[in-house]
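Chains, contacts and geometry: an overview
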Amino acid sequence: MPSGVRCRVEECVHNRNGACRASAIEVRSSGDEKVATSDGTCCETFEMRK
Ligand code: SF4
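Throughout, a residue's number is its position along its own chain's written sequence, starting from 1. It should be noted that, the model being predicted, local features are given only for residues of pLDDT at least 70 and side-chain atom pairs only at 80 or more, the latter also being counted only at that level, while totals for whole chains, interfaces and linings use all residues. The basis for every side-chain value is the complete set of heavy atoms in the structure, and neither hydrogens nor water enter the calculation.

**Focus on the overall build of the protein chain**
What counts, and what does not: Numbering of helices and strands runs from the N terminus; a helix is a DSSP stretch of H or I covering at least four residues, while a strand is a stretch of E covering at least two. Accessibility here uses a 1.4 Å probe with only protein chains present; expressed as a share of the type maximum, an area under 20% marks a residue as buried, one over 50% as exposed, and anything in between as partly exposed. Between two residues, a contact is recorded if the distance between any of their heavy atoms is within 4.5 Å. For the purpose of counting charges, residues Lys and Arg are taken to be positive, whereas Asp and Glu are taken to be negative. His and the chain ends are not included. Working definition for charges: the position is that of NZ of Lys, CZ of Arg, CG of Asp or CD of Glu.
Helix and strand counts for the protein chain stand at zero helices and four strands. When the helices and strands of the protein chain are placed in sequence order, the string is β-β-β-β. With the principal axes as the frame, the protein chain shows a C-alpha extent of 30 × 25 × 15 Å. Each of the 50 residues in the protein chain was classed as buried or not, and the buried ones make up 20%. In the protein chain, the proportion of contacts linking residues at least 24 apart, taken out of those at least 6 apart, comes to 26%. The protein chain carries 8 positive and 8 negative side-chain charges, and their two centres are separated by 9 Å.

This is how it looks when you write it as C-alpha cells:
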C-alpha cells in the first residue's frame, strides 16, 4: 500500500480509521480545467463501501 496516505473519505471501502489501505491509488484531475487547488483532484481508486 502507499505509505502514509491519510484520507478522510470514510465512505470508501479502502478507508480504515482515516488511513488508505489500498495497494496503490490513482489520482487524477476532476475536470477539464487546469488544476489550481486540491479541489481539482479526484481519487480514481475510490470504491463505495456497501
Ligand atoms: S482509495 Fe482513495 S478515496 Fe479510498 S481511502 Fe484510498 S485515498 Fe481515500
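**Let's talk about the site of the ligand**
What counts here: We call a residue near a molecule or strand when any one of its heavy atoms sits within 4 Å of it. Asp, Glu, Lys and Arg are counted as charged, while Ala, Val, Leu, Ile, Met, Phe, Trp, Tyr, Cys and Pro are counted as nonpolar; the rest, among them Gly, fall into the polar class.
Close contacts around the ligand come from Cys-7, Cys-12, His-14, Asn-15, Cys-20, Cys-43 and Thr-45, and that covers them all. Tallied by class, the residues present in the shell around the ligand amount to four nonpolar, three polar and no charged.

**Let's talk about the side chain of Thr-45**
Put simply, the rule reads: Here a polar contact is recorded for every N or O atom pair within 3.5 Å, except that within protein the pair must consist of a potential hydrogen donor and a potential acceptor, and residues adjacent in sequence are included only if both atoms are side-chain atoms.
Secondary-structure assignment places Thr-45 in the segment after strand 4 (41-43). A distance of 2.8 Å separates a polar side-chain atom of Thr-45 from the backbone nitrogen of Glu-26. Filtering out sequence-adjacent residues up to four positions away, Thr-45 remains in contact with His-14, Ala-22, Ala-24, Ile-25 and Glu-26.

**Some thoughts on the pattern of salt bridges**
Heads up, the condition is: Salt bridges are counted wherever a side-chain nitrogen of Lys or Arg sits within 4 Å of a carboxyl oxygen of Asp or Glu.
Scanning all chains against the criterion turns up one salt bridge. Its salt-bridge partner being Arg-28, residue Glu-44 comes within 2.4 Å of it at the nearest N-O pair. Here Glu-44, found in the segment after strand 4, pairs with Arg-28, found in strand 3 (residues 27-29); they are 16 residues apart in sequence, far enough to count as distant. Take Glu-44: its relative accessible area is 42%, and that puts it in the partly exposed class. For Arg-28, a relative accessible area of 37% corresponds to the partly exposed category.

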